[in-house]
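As a plain string of letters, each chain reads:
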Amino acid sequence: MSEDLKPEWSDPNEPDKCSSVIKRGQELEGQQVTIERNTVFQKRKSMEPSIEALVDGVLSGNRGQLARAITLVESNAEQHFHKAQELLQKLLAHSGKAIRIGITGVPGAGKSTFIEAFGTYLCDLGLRVAVLAIDPSSSLSGGSILGDKTRMEQLSRNPRAFIRPSPTAGKLGGVHRKTREAMLICEAAGFDVILIETVGVGQSEVIIRDMVDFFMLLVLTGAGDELQGMKKGIMELADAVLVHKADGSNKEKAEQTRKEYSRILHFLQPATKGWASKAYICSSITGEGIKEVWDVIKNFEEKGKSSGVFAERRKGQQRDWIYSLITDQLHYSFFHHPEVKLKLPQLENEVMTGEKTAATAVDILFNTFLSDGK
Ligand SMILES: Nc1nc2c(ncn2[C@@H]2O[C@H](COP(=O)(O)OP(=O)(O)OP(=O)(O)O)[C@@H](O)[C@H]2O)c(=O)[nH]1
Ligand SMILES: [Mg+2]
């Protein structure tokens, strides 16, 4: 075997230790086999599309560009953040036309299955549906993306639908900002309905309530005890409660549970001014109640638009958006401030051992944070 045929990455000091060799090929008539000595293997860089290309792509409803635009706003890289904001600025005027619907419920309440059935129903009506998810656990567990993909199999293949799994949290605004911005991009791409799923485990339903027009809570039957224990707070956020999986032998119980929820909703502060939140039954397996849910939402939209409540809520949400971004940015800058990072563990220790009060420690940290204006 000639030296020439050793691969160029073989160790020149130990040429025999090379585990692969290049065999001389058959020389074709008039052609010479040459070995490029200076070829360097490089990972191909994916071409980043320009803002203009993304704007055009999104506005024309190009799914590839839509996905790329959302990836840009979801990126945790600082240079992408500014590019994403430039993109959003250009799309903002084209957003806002969809109805935004939030769906929450305990794990296993059937949210994804409901979205599959409801989304497919809406697509059959000729509407275009975008599905987004907020998964508060996604940064830890990788989210329920896999499960959702299989549960929304039919919808994910529907050309009128677009499904985007939950983004992971990171600096510069976290999941809240990313979902809100993904929603605006979907609207600019011409989707008529935005469905946002979140598992109801605390904070996330408040976040979702703040970005949607209509918010519904999926519950299960036999909720007698659950009802007692359920935080009144969540019920007060809901424009509708859906007693889900009302099929087979469960249907009768579902009707009973619906009455119980309706009774409670009747006494609660309404989630939306001028709208009486009620409970309904529904099954995503039989499809019963799906049409009724859409009728309720259409009715809600009509009423809200004519009374001005709809527009008022959106304005309020826009305003709150600034404050949530400020909070995120402050949080990020504070905890990433080099000197704060340096002092924090020591101060934490001193507070734990009782040498300092928490307030004194915080005071020191804030003085450090503010002293150089960073
Ligand atoms: N009988 C019946 N079962 C249902 C219905 N909807 C969902 N299921 C079942 O309930 C289980 C959970 O459904 P999912 O849609 O994954 O529930 P989820 O609320 O999205 O769950 P997480 O995303 O994990 O929070 C699955 O096994 C579904 O097949 C329904 O209308 N009727
Ligand atoms: Mg789900």
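What counts and what doesn't
- Residues numbered from 1 in each chain as written.
- Chains lettered and ligands numbered in written order.
- Predicted model: local features only at pLDDT ≥ 70, side-chain atom pairs only at ≥ 80, totals over all residues.
- Near = placed C-beta within 6 Å.
- Helix = DSSP H or I, 4+ residues; strand = E, 2+ residues; numbered from the N terminus.
- Nonpolar A, V, L, I, M, F, W, Y, C, P; charged D, E, K, R; others polar.
- Core = buried A, V, L, I, M, F, W, Y, C linked by C-beta atoms within 7 Å.
- Buried ≥ 20, exposed ≤ 12 C-beta atoms within 10 Å, placed from the backbone.
- Contact = placed C-beta atoms within 7 Å.
- pLDDT = per-residue confidence, 0-100.
- Pairing = 2+ DSSP bridges.
- Axes fitted to C-alpha atoms, helices over the stretch in contact; angles between N-to-C directions.

The name an unreviewed UniProt entry assigns to the protein chain is Methylmalonyl Co-A mutase-associated GTPase MeaB, from the organism Neobacillus driksii.

Participant: Break down the site of ligand 1 for me, citing the residues and quoting the values.
Facilitator: In the vicinity of ligand 1 lie 18 residues, with Gly110, Lys111, Ser112, Thr113 and Lys245 positioned nearest. When contributions to the shell around ligand 1 are tallied by element, the ones reaching two or more residues are helix H4 (111-124) and helix H6 (145-151). Per-element tally for the shell around ligand 1: the top contributor is H4, with three residues. Grouping the constituent residues of the shell around ligand 1 by class yields four nonpolar, 10 polar and four charged.

Participant: Tell me about the nonpolar core, and name the residues and values.
Facilitator: Ile185, Ile194 and Val241 are the most contacted members of the largest nonpolar core, which totals 72 residues. Looking at this core element by element, the count peaks at seven residues for helix H8 (residues 174-188). The residues contacting Ile185, other than those within four sequence positions of it, are Val58, Leu66, Ala69, Ile70, Val73 and Leu91.

Participant: Just give me the short version of the confidence of the model for the protein chain, but keep the residues and values in it.
Facilitator: Here the protein chain shows a mean pLDDT of 83. Residues at 70 or above account for 77%. Taken element by element, the predicted model of the protein chain shows its lowest mean pLDDT in helix H5 (residues 138-141) (45) and its highest in helix H13 (residues 290-307) (98). Here residues 138-146 scores under 50 on pLDDT; set against residues more than four positions off or in separate chains, the count is 12 contacts.

Participant: I'd like a description of the environment of Leu132, backed by residues and values.
Facilitator: One can find Leu132 in strand S2 (residues 129-134). Exposure remark for Leu132: the 26 C-beta atoms within 10 Å place this residue in the buried category. Between the C-alpha atom of Leu132 and that of Met183, which follows or precedes it by 51 residues, the distance is 7.6 Å. Setting aside its immediate chain neighbours within four residues, Leu132 contacts Arg164, Thr179, Ala182, Met183, Ile194 and Ile196.

Participant: Describe the sheet that holds strand S6 (residues 240-243), with residues and values.
Facilitator: Spatially, seven strands are ordered S3-S2-S4-S1-S5-S6-S7 in an open sheet, and the strand pairing comes out parallel. Strands with a single pairing partner mark the edges of an open sheet, and in this sheet they are strand S3 (161-164) and strand S7 (278-281). Looking at each pair of strands side by side, their axes are set apart by 20° on average, direction ignored. As paired elements, strand S1 (residues 99-105) and strand S5 (residues 214-219) share five bridges and run parallel to each other. By the bridge assignment for S5, Thr104 is matched with Leu217. Against the sheet, H4 makes contact with S1, S2, S3, strand S4 (193-199) and S5, and its axis sits at roughly 175° relative to S4, the strand it touches most.

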